[in-house]
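Chain residues, written in single-letter form:
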Amino acid sequence: MKFFIDTADLTEIRSLASSGLLDGVTTNPTLISKNGGKFAEVIAQICDVIPGPVSAEVAGTEYDQIMAEARVLRKIADNVCVKVPLTPDGLRACRHLRNDGTMVNVTLCFSAAQAILAAKCGASFISPFIGRVDDIGWDGMQLISDIVEIYDHYDFETEVLVASVRGPNHVIEAAKMGAHVATLPPAVLRSLFNHPLTEKGLATFLADWAKTGQKIV
Ligand code: E4P
């Protein structure tokens, strides 16, 4: 399973890049607005740090505007993945951009039917927002299970990118289902390390090692 980091915060990205765990980055207009800075410059800096796909979202909603913005965004760096909304115009743009060899992440997916449409338009990634599905009392993990099952029946090139992830259980369940990618807020990625028995075991080992009076180097 690939891990993308869901942030536009370069300090976080740089710090987590050194973990060797990051395969890509996703941003969205909300994350860009929280972070501040000029959109194109922020994306260029992220692309310098992370060689994998870096999602940069269009702001246009009509086909011509989406295509015009996509042409600007994809010139920022080879690893820019243009993010388009799951709308008729967004998917039409997706088809054309994919024909030109541009990576495309289709965002704001909330149903398996939408995920089928994105795959048929050749999306590189489909982003189902599981946390937001849970928030309205539906089952985000069931959505991932349905999409993975459907995609398994065909030779779609689209990777399932689990988005709106809220905690380690989302990551574990998505991995069990065979989702290709999870995009994680930095705090969720860090939380994957945590287990009280690891902390307790390490404290015991360190205390016992100190009793030996030895040093390895
Ligand atoms: C994905 O690409 C989105 O940026 C993100 O996962 C949205 O998550 P949220 O529901 O926490 O805003």
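Residues numbered from 1 in each chain as written. Predicted model: local features only at pLDDT ≥ 70, side-chain atom pairs only at ≥ 80, totals over all residues. Heavy atoms only, no water.

Moving on, we come to the side chain of S124. As for its position among the elements, S124 is in the loop between α6 (112-120) and β6 (125-128). A relative accessible area of 9% means that S124 is categorised as buried. If we ignore the near neighbours within four places in the chain, the residues touching S124 are R98, T102, M103, V104, E157, T158 and E159. (Helix = DSSP H or I, 4+ residues; strand = E, 2+ residues; numbered from the N terminus. Buried < 20%, exposed > 50% of the residue type's maximum accessible area, 1.4 Å probe, protein only. Contact = heavy atoms within 4.5 Å.)

Right, let's get into unusual backbone geometry. With a phi close to 65 degrees, L108 is a non-glycine residue in the positive phi region. Tracing the chain through its elements places L108 in strand β5 (residues 103-109). The phi dihedral of S164 falls on the positive side, at around 55 degrees, and the residue is not glycine. Along the chain, the position of S164 falls in the loop between β7 (159-162) and α9 (168-176).

Attention now moves to the state of the cysteines. In this structure the tally under the stated criterion is zero disulfides. With no disulfide of its own, C109 lies closest to C94 among cysteine sulfurs, the gap being 12 Å. Considering cysteine sulfurs only, C94 is the nearest to C121, which forms no disulfide, with 5.7 Å between them. Since its relative accessible area comes to 17%, C121 is described here as buried. (Disulfide = S-S within 2.5 Å.)

Surveying the vicinity of the ligand reveals the residues D6, T26, N28, K83, F129, R132, A163, S164 and R166. The side chain of D6 places a nitrogen or oxygen atom 2.7 Å from an oxygen atom of the ligand. A distance of 2.7 Å separates an oxygen atom of the ligand from a polar atom in the side chain of N28. When isolated, the ligand has an accessible area of 340 Å², and the protein chains bury 86% of it. Residue composition of the shell around the ligand, by class: two nonpolar, three polar and four charged. (Near = heavy atom within 4 Å. Polar contact = N/O pair within 3.5 Å; in protein donor to acceptor, adjacent residues only side chain to side chain. Areas by Shrake-Rupley, 256 points an atom, 1.4 Å probe, with all protein chains shown as cover. Nonpolar A, V, L, I, M, F, W, Y, C, P; charged D, E, K, R; others polar.)

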